[in-house]
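A closer look at the structure
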Amino acid sequence: MVIVNFSGLDIFLVGELNKEIHSRIASAYGIDDEDVIFQASDSFLFYKGSEQTSFNLLIKVDAPEDYIDSEETVASILMEASKNYSVHVRILFSYYEAGHYYERINKDYPEYIIDNQEVEVDDSEYDEDNDYSEEELYTGNVFEDLEDEDEKPVTLNDFFKRK
């Protein structure tokens, strides 16, 4: 498993970049696409208190130590592809022994979700431009029927014990 981790780049831009180079990274390592995953968290790089998103990008690649010979090729792919996303780019490669990676794949489901598997949500009943009034919102005590006879509120633990 190869993990390509991005810090200092908007997560949606990492998604775009991933679509562009995922297969090229796998090919450079001589492995299947399923053996490469990109990771993007809401992470920020800072320098002297100033946030650096899209100005400075740090890419960390974790790979099995057997893949070290592909490092320059992968670095070249990442440098070239990221030039339109950040002013400065730094790449750090870290390697692990193959025996230090574990996975559990549920064979009842596809290993990864891809575009044609995503579920479309029908939100036609919800109008985000509508300013819902408080009259439409229930502001009462949602636990009213769950209160004890002595009028002490029931805790969530008490509620679940009753079930």
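Residues numbered from 1 in each chain as written. Predicted model: local features only at pLDDT ≥ 70, side-chain atom pairs only at ≥ 80, totals over all residues. Heavy atoms only, no water.

1. Re the layout of surface pockets
A volume near 740 Å³ is recorded for the largest pocket. For the largest pocket, the lining is made up of 20 residues, of which Asn18, His22, Tyr112, Ile113 and Ile114 are closest to its centre. Within the residue set of the lining of the largest pocket, elements represented by two or more residues are helix H1 (11-29) and strand E2 (36-40). Residues of the lining of the largest pocket, tallied by class, amount to 10 nonpolar, three polar and seven charged. (1 Å grid on protein atoms, 1.4 Å probe; cavity = no way out; pocket = protein on both sides within 12 Å on 5 of 7 lines; lining within 4 Å. Points joined across faces, edges and corners; volume = space filled by probe spheres on them. Helix = DSSP H or I, 4+ residues; strand = E, 2+ residues; numbered from the N terminus. Nonpolar A, V, L, I, M, F, W, Y, C, P; charged D, E, K, R; others polar.)

2. Brief notes about a negative patch on the surface
Negative charge collects at one region of the surface, where Asp32, Asp33, Glu34, Asp35, Glu103 and Glu111 lie side by side. Among the secondary structure elements, Asp35 is positioned in the loop between H1 and E2. What makes Asp35 partly exposed here is its relative accessible area of 31%. (Patch = residues over 30% accessible without salt bridge, like charges linked within 9 Å, V, L, I, M, F, W, Y side chains within 5 Å. Areas by Shrake-Rupley, 256 points an atom, 1.4 Å probe, with all protein chains shown as cover. Salt bridge = Lys/Arg side-chain N within 4 Å of Asp/Glu carboxyl O. Lys, Arg positive; Asp, Glu negative; His and termini not counted. Charge placed at Lys NZ, Arg CZ, Asp CG, Glu CD. Buried < 20%, exposed > 50% of the residue type's maximum accessible area, 1.4 Å probe, protein only.)

3. Focus: the packing of aromatic side chains
Taken as a whole, this structure holds five aromatic pairs when the rule is applied. Residues Phe6 and Phe38 carry aromatic rings whose centres are separated by 5.7 Å and whose planes lie at 20° to one another, so their mutual orientation is stacked. Residue Phe6 is located in strand E1 (residues 2-7), and its partner Phe38 is located in strand E2; the two are separated by 32 residues in the primary sequence. Taking the relative accessible area as the measure of exposure, Phe6 reaches 0% and is therefore buried. For the ring pair Phe93 and Tyr95, a centre distance of 6.4 Å and an interplane angle of 10° mean the geometry is stacked. Phe93 gets classed as buried once you look at its relative accessible area, which sits at 14%. The class of Tyr95 is partly exposed, set by a relative accessible area of 25%. (Phe/Tyr/Trp six-rings, centres within 6.5 Å; stacked < 30°, edge-to-face > 60°.)

4. Structural notes on unusual backbone geometry
Although it is not a glycine, Lys48 adopts a positive phi angle of roughly 50°. Within the element layout of this structure, Lys48 appears in the loop between strand E3 (46-47) and strand E4 (50-51). Classification of Lys48 by relative accessible area gives exposed; the value is 74%. Backbone geometry at Ser54 places phi at a positive 65°, although glycine is not the residue there. Judged by relative accessible area, Ser54 falls into the partly exposed class, the value being 28%.

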